[in-house]
Amino acid sequence: MRVLVTGAAGFIGFHLSAKLLERGDEVVGIDNLNDYYAVSLKRDRLAQLESTPGFRFIELDIADTAAVAALFNQGGFERVVHLAAQAGVRYSIDNPQSYGQSNLIGFLNMLEGCRQQAVEHLVYASSSSVYGANEQIPFRVDDNVDHPLSLYAATKRANEAMAHSYSHLYQLPCTGLRFFTVYGPWGRPDMSPMLFADAITQGRPLKVFNYGRHKRDFTYIDDIVDGVVRCLDRIPKGNAQWSGLQPDPATSKAPWRLYNIGASRPVELLYYIELLESALGKKAQKELLPLQPGDVEQTYADVSALMRDTGYQPQVKIEEGIERFARWYRDYYRG
Ligand SMILES: NC(=O)c1ccc[n+]([C@@H]2O[C@H](COP(=O)([O-])OP(=O)(O)OC[C@H]3O[C@@H](n4cnc5c(N)ncnc54)[C@H](O)[C@@H]3O)[C@@H](O)[C@H]2O)c1
């Protein structure tokens, strides 16, 4: 298959591209290599992909409407995995405009490209943050998600609705995946595993919000990639049983699906820090702080729909995942 992966220099895009190449797909990766976090890490990921046959990289901003249209015109993509976005919950408080550009205009450009070129299937990244003020645990795809607590979450929720309109109007098959805190080798420097590992190894105090009582459904990158590939291979059809009288929020008459993708095993932050301490062989100095604006206290994915439809089964337990992350972290930052 010829697959377009957006955000290919990013954490998930890099791992997904590597997996698709490994099974023989042809991958065109795009990314604007912005400096939200270390560009060197993005370039190092890309260097690995570029040494693999079947991969081609194009530096491009998805908010550039003409450039995206030209890309689709020439691309001949059969399927698209759209991962490029301005990520991060806290950053959206100081930099709202970049979310409008990348997550709304960029997303619209993707939809248009897919529509114009009759792409077979668009799989795109949503986020567990769409659950916002919902306190029903575990989070289920049929829960109400109309109360986002950050602009980031609001743009991800908007993507789900935008995809539905295209799916309805143009029969564009779309699958939205609500990722739950992804971690692992080549991870993101703005997320807690890397922030904590930096602080522990450098002997700096680490900021532990909500006094460490947060629970996060940490999901190992290989499980995420496995779920994305399973979805990519399964083009959704309209749900014939769907009724406008009792609308199911996760399916539609249109070929449009939403799934949670997570480990479905929430872990308390303090336990997570203990695992990191032991994997890195050093104690943390913890600075216990209150809950941050825009943060939610607990995330917990109900993944039964994804299991039922695709056979998804998360494999990597947190203890093993942290070991693997710490091994990579020590190697990468020593070199
Ligand atoms: N990692 C997680 O825990 C997590 C959780 C929920 C949702 N997500 C979503 O999954 C997707 C991938 O996340 P990630 O962790 O790999 O993040 P990432 O920041 O590592 O990757 C995103 C990539 O997109 C690129 N990008 C951003 N704006 C762009 C633009 N305008 N044009 C072109 N490229 C652009 C960035 O340079 C980056 O390389 C994102 O949509 C994110 O919102 C991730």
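Draft legend 1. Quick look at the sheet that holds strand 3 (residues 55–59). Strands sit in the order 3-2-1-4-5-6-11 across an open sheet of seven strands; the sheet is parallel. One side of each edge strand has no neighbouring strand; the edge strands of this open sheet are strand 3 and strand 11 (256–261). Between one strand axis and the next, the sheet turns through 20 degrees on average, direction left out of account. Pairing analysis gives six bridges linking strand 6 (residues 174–179) to strand 11, with the strands arranged parallel. Residue pairing in the sheet places Thr175 in a bridge with Arg257 of strand 11. Packing of helix 6 (residues 151–170) onto the sheet brings it into contact with strand 5 (121–127), strand 6 and strand 11, and relative to strand 5 it is tilted by some 155 degrees.

Draft legend 2. View of the site of the ligand. Inspection of the region around the ligand gives 29 residues, with Asp31, Tyr37, Tyr152, Lys156 and Val182 positioned closest. Contact distances for the ligand include 3.1 Å between a nitrogen atom and a backbone N or O atom of Asn32. At a separation of 2.5 Å, an oxygen atom of the ligand approaches a polar side-chain atom of Tyr37. Taking 820 Å² as the accessible area of the ligand by itself, protein coverage stands at 97%. Mapped by element, the contributors of at least two residues to the shell around the ligand are helix 1 (11–22), strand 5 and helix 6.

About the criteria used
Residues numbered from 1 in each chain as written. Predicted model: local features only at pLDDT ≥ 70, side-chain atom pairs only at ≥ 80, totals over all residues. Heavy atoms only, no water. Pairing = 2+ DSSP bridges. Helix = DSSP H or I, 4+ residues; strand = E, 2+ residues; numbered from the N terminus. Axes fitted to C-alpha atoms, helices over the stretch in contact; angles between N-to-C directions. Contact = heavy atoms within 4.5 Å. Near = heavy atom within 4 Å. Polar contact = N/O pair within 3.5 Å; in protein donor to acceptor, adjacent residues only side chain to side chain. Areas by Shrake-Rupley, 256 points an atom, 1.4 Å probe, with all protein chains shown as cover.

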